[in-house]
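# Observations on the model geometry
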Amino acid sequence: MSMILLIEQLLNGLQSGLMLFLMAAGLTLVFGVMGLINLAHGSLYMVGAFACAGVAAATGSFWLGLAASIAAAAAAGAIVEVAVIRRLYRRDHLDQVLATFALILIFSEGTRWLYGSFPLYLNVPEALSGSVTLPGGIRYSLFRLAIIGAGLAVAVGLFLLIGKTRIGVQVRAGEADREMIAALGVDIRRLYTLVFALGAALAGMAGALVGTIQSVQVGMGEPVLILAFVVIVIGGIGSIKGALIGALLVGLTDTMGRVLLPSVFELFMETSAATSVGAALASMAIYILMALVLIVKPGGLFGARA
Amino acid sequence: MTGPKTGIHRETRMTRFLTTTALALSMMGTAAMAEPVKVGMITTLSGGGASLGIDTRDGFMLAVEEAGNPELEVVIEDDQRKPEVAVQLSDELIQSEEVDILTGIVWSNLAMAVVPGAVRQGKFYLSTNAAPSQLAGKGCHENYFSVSYQNDNLHEAAGQYATDEGYGSMFIMAPNYPAGQDSLSGFKRFYEGEVASEVYTQLGQTDYAAEIAQIRDSDADALFFFLPGGMGISFMKQWAEAGIDMPVVGPAFSFSQDILPAIGEAAVGVKNTAQWSKDIDNEANAAFVAAFEEKYDRLPSLYAAQGYDTARLILSAMEKAEVSDADAFREAIRAAEFDSLRGKFSFGPNQHPVQDIYVREVISEDGTLTNKIAATAMTDRGDAYAEECKM
């Protein structure tokens, strides 16, 4: 394998990892701060993608679509928090799983009702279409490069928000001791709604960006949700840093596994069989990674409650 | 409460009696006419892949309506692309609806779940699309006909085309599941050059960045891929973004009329293999394309053409034999005396088509993406499994 190919694959891994981070960040915040398991997080990802597709089709502008995706997912998140999730904080995890699973069904059928069962396709905006040549002669899709940039920018912004602002202090305090922060006079209900809407907005943005290079369809959120859970388990529940490291690990393991494992098996097997076995093993790679991390650090890499 | 209930009961019994009498009387009158044929269509009308089933149904029903034969009745059911639903529907159609013929299944895994049971119960099954190798070889059955092709055919034709074009090395790719593995082996059966790299993707995969990087790095002369449904759309869009200048060859599934608008301009110039194209030059085909466009306001796809041909085949058999005489009816189907949209059409020994397979090129025609025939890849092609079929 050439150096150029290797670097290109690392970029691919980085890109898919950063999109996973956008999903996992919201999930881990909600779990860390509110102690809530939110299976409907994937639905917010789908809401973002559909909002982007709908607005982009109506206005012809991808950028308006992207803005709409963030707004729509945040609004959907806030509404869901106020209407349903708020009642679940004191209940046990099984109730939360049941209720948020019901939300998945409602969101999926609702979207099917509005948009039908056919996948929608977004076009990459004119300014970002095609590919560019990076230093070292690497040709890479401009839009994927932009996704990497956007993902990094959101990661930095999120660290600043959590680390440097008043809201961030409240969020961290809420994670450490919920009763105490409420006793100190912080409006905990408003804070919860805010955190939930923030997480939803990030998921919606990821949905719009990924939907643009793939497809927008009902049920697109659930496979990503599973990966996002793997990410926060690896990174440690409640930790933004853990979510970032976990997401990059999962993204890189998945991409590199798909590329490298078949060629590893080719060393001692016939080509056809090697590609088949390698591909099958590659789809398990991230779960093997998760198991290994849990053996060494049962609380995840940066688990707050390890 | 009992009073009115029995009343209703008695009333229904009365109605039923009267209806039966009326039916019996009417049958006496029409005894000389052909007996009705009931067709049960199981196809995918909702969820992912619904566009394939909808086109199959619309093509089939167009032929039924054109024929206007009151003796042909069609019951249509949606399998939601789920094998267990398809099995349940086939039981219902066979037992409650008492259909004579089943048809319509799009996906091979659903066909494998339904066909063997249906033909064992003495029903005919005419495939509008799915034709897995198991049913063409050892598992063939006298009541099972494929009107479309044998699954490997389009991949074989792509291999033959790559050989004809003189591509010295090919990058080949398919999802890691039985039809994907069959696809690559079908391609290799007729490809004489060197396989630069063989890649299996995950079924349902949506991101192909890693594979596209490998293709770019491979120095292959051309790319062959089989990624049915949404997978192919995602791949082609990402392929276009990557800006790789390499010829692309594939079976028609990823470049069918129902999918082309979603891929967009990225598809233009791609070569794809199929046994049907809207520009095959014969009267029946021209009439079909015009009528389909007139009725449904869109261009017909491969699946619509296959549905149409299947219905016409059934209608042609009804002209010659009663469905109650299974042997005569089977002979009538096997004779395949109908004006196929493909021009020439006949069944091989395992009741799969012997036909020409074309190479089509995606073109933009007055702003609409569609296919036109660029070459003939194979002439009078049967399939690789016919010898294994002992009927």
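For clarity, every value in this text was computed on a predicted model and none was experimentally measured.

## A few points about the domain arrangement of chain B
Where the parts come together, the accessible area they lose is often given as the size of the interface. Residue and element names in this part refer to chain B. Under the domain assignment, chain B is made up of domain 1 (37-151 + 280-354) and domain 2 (153-278 + 359-381). In this structure, domain 1 and domain 2 have C-alpha centres spaced 26 Å apart. Each side of the interface is counted separately: domain 1 has 24 residues, and domain 2 has 20 residues. Of the roughly 1,900 Å² buried between domain 1 and domain 2 on both sides combined, carbon and sulfur atoms contribute 59%. Among the residues of domain 1 in contact with domain 2, Ile280, Leu299 and Leu302 are the three that bury the most area, contributing 29% of the side total. Between the two partners, domain 1 and domain 2, sit one salt bridge. Two residues, Lys344 and Asp380, come together in a salt bridge whose shortest N-O distance is 3.0 Å. Where domain 1 meets domain 2, there are ten residue pairs in polar contact (both at pLDDT 80 or more). For the side of domain 1 that touches domain 2, the elements supplying multiple residues, two or more each, are α2 (50-67), α11 (283-296), α12 (302-320) and β12 (353-365).

## What about the state of the cysteines?
Should the sulfur atoms of two cysteines be covalently bonded, the bond is a disulfide. Residues and elements named next belong to chain B. Under the defined criterion, the tally for this structure stands at one disulfide over all chains. Put simply, Cys140 and Cys389 are joined by a disulfide, and their sulfur atoms are 2.0 Å apart. Judged by the torsion about the S-S bond (90°), the Cys140/Cys389 disulfide is right-handed. Remark: Cys389 occurs in the segment after β13 (368-381) and Cys140 occurs in the loop between α5 (133-136) and β5 (144-146); sequence separation between them is 249 residues. As far as the burial class goes, Cys140 and Cys389 line up, both buried.

## Quick notes on the interface of chain B and chain A
Taken together, the contact pairs 30 residues of chain B with 35 residues of chain A. Both faces combined, the contact of chain B with chain A buries some 2,600 Å², and carbon together with sulfur accounts for 47% of it. Run the count over chain B and chain A and you get three salt bridges. For Asp207 of chain B, the salt bridge goes to Arg144 of chain A, with nearest N and O atoms at 3.2 Å. At the boundary of chain B and chain A, one finds 16 residue pairs in polar contact (both at pLDDT 80 or more). When contributions to the side of chain B that touches chain A are tallied by element, the ones reaching two or more residues are α2, α7 (178-190), β7 (194-201), α8 (209-217) and α9 (230-242) of chain B.

## Comments concerning the environment of Ala384 of chain B
All names here are of chain B. Structurally, Ala384 is set in the segment after β13. For the pair Ala384 and Ala136, spaced 248 residues apart in sequence, the C-alpha to C-alpha distance is 8.7 Å. When residues no more than four places from it in sequence are discounted, the contact partners of Ala384 are Glu156 and Arg189.

## Regarding empty space enclosed by the protein
Using the criterion set out here, one finds three cavities of 30 Å³ or more in the structure. Looking at the lining of the largest cavity, the elements with two or more residues in it are α1 (3-34) and β2 (138-141) of chain A together with α8 and α9 of chain B. Take the lining of the largest cavity: its biggest share by element is four residues, from α8 of chain B. Of the residues that constitute the lining of the largest cavity, the class distribution is six nonpolar, three polar and four charged. Its boundaries defined by the atoms lining it, the second largest cavity holds a volume of some 50 Å³. Lining the second largest cavity are Ser256, Gln257, Trp276, Lys278, Pro300, Ser301, Leu302, Arg360, Thr370 and Asn371 of chain B. Classifying every residue of the lining of the second largest cavity by side-chain character gives three nonpolar, five polar and two charged. A domain-level breakdown of the lining of the second largest cavity finds at least three residues from each of domain 1 (37-151 + 280-354) and domain 2 (153-278 + 359-381) of chain B.

## Side note on the layout of surface pockets
If you add up the space inside the second largest pocket, you get close to 480 Å³. Contributing to the lining of the second largest pocket are 24 residues, with Ser263 and Glu266 of chain A together with Ser197, Val199 and Gln214 of chain B lying nearest its centre. Looking at the lining of the second largest pocket, the elements with two or more residues in it are α10 (240-266) and α11 (271-282) of chain A together with β7 and α8 of chain B. In terms of residue count, β7 of chain B provides more of the lining of the second largest pocket than any other element does, seven residues in total.

## As for the pairing of strand β8 (residues 222-225) of chain B
Residue and element names in this part refer to chain B. Across the two faces of β8 the burial is the same, with Ala222 and Phe224 and Leu223 and Phe225 all buried. Sheet analysis places strand β6 (residues 169-175) next to β8, joined by four bridges and oriented parallel. Pairing of Met173 across the sheet is with Phe225, part of β8. Bridging between β8 and strand β9 (residues 248-251) involves two bridges; their strand directions are parallel.

## What to know about the sheet that holds strand β2 (residues 72-78) of chain B
Residue and element names in this part refer to chain B. Here five strands make up an open sheet; going across it, the order is β2-β1-β3-β4-β5 and the pairing parallel. Whereas interior strands pair on both sides, the edge strands pair on one side only; in this sheet they are β2 and β5. Geometrically, the sheet is characterised by an average inter-axis angle of 20° between neighbouring strands, direction not taken into account.

## Let's talk about the environment of Arg334 of chain B
Mapping Arg334 of chain B onto the fold places it in helix α13 (residues 326-335). Exposure remark for Arg334 of chain B: the relative accessible area of 31% places this residue in the partly exposed category.

## Observations regarding the pattern of salt bridges
Counted according to the given criterion, the structure contains 27 salt bridges over all chains. With its nearest N and O atoms 3.3 Å apart, the salt bridge here joins Arg216 of chain B to Glu8 of chain A. Within this pair, whereas Arg216 of chain B is found in helix α8, its partner Glu8 of chain A is found in helix α1, the two belonging to separate chains. Salt bridges sharing common partners tie together Asp55, Arg57, Asp58 and Arg298 of chain B.

## Brief notes about the packing of helix α3 (residues 83-95) of chain B against helix α4 (residues 108-120) of chain B
All names here are of chain B. Two elements in contact, α3 and α4, have axes separated by 8 Å at closest approach and are oriented at 25°. Between α3 and α4, the angle is such that the two are roughly parallel. Like other packed secondary-structure pairs, α3 and α4 cross with a definite hand, here right-handed. Contact residues: α3 offers Pro83, Ala86, Val87, Ser90 and Ile94, while α4 offers Asn109, Leu110, Ala113, Val114 and Ala118. Tallied by class, residues from the contact of α3 with α4 come to eight nonpolar, two polar and no charged.

Scoring rules and cut-offs
- Residues numbered from 1 in each chain as written.
- Chains lettered and ligands numbered in written order.
- Predicted model: local features only at pLDDT ≥ 70, side-chain atom pairs only at ≥ 80, totals over all residues.
- Heavy atoms only, no water.
- Domains from an automatic or database assignment.
- Contact = heavy atoms within 4.5 Å.
- Buried area = accessible area lost by both parts, 1.4 Å probe.
- Salt bridge = Lys/Arg side-chain N within 4 Å of Asp/Glu carboxyl O.
- Polar contact = N/O pair within 3.5 Å; in protein donor to acceptor, adjacent residues only side chain to side chain.
- Helix = DSSP H or I, 4+ residues; strand = E, 2+ residues; numbered from the N terminus.
- Disulfide = S-S within 2.5 Å.
- Buried < 20%, exposed > 50% of the residue type's maximum accessible area, 1.4 Å probe, protein only.
- 1 Å grid on protein atoms, 1.4 Å probe; cavity = no way out; pocket = protein on both sides within 12 Å on 5 of 7 lines; lining within 4 Å.
- Points joined across faces, edges and corners; volume = space filled by probe spheres on them.
- Nonpolar A, V, L, I, M, F, W, Y, C, P; charged D, E, K, R; others polar.
- Pairing = 2+ DSSP bridges.
- Axes fitted to C-alpha atoms, helices over the stretch in contact; angles between N-to-C directions.
- Parallel < 35°, antiparallel > 145°, perpendicular 65-115°, else oblique.
- Left-handed = near helix turned anticlockwise from the far one by under 90°.

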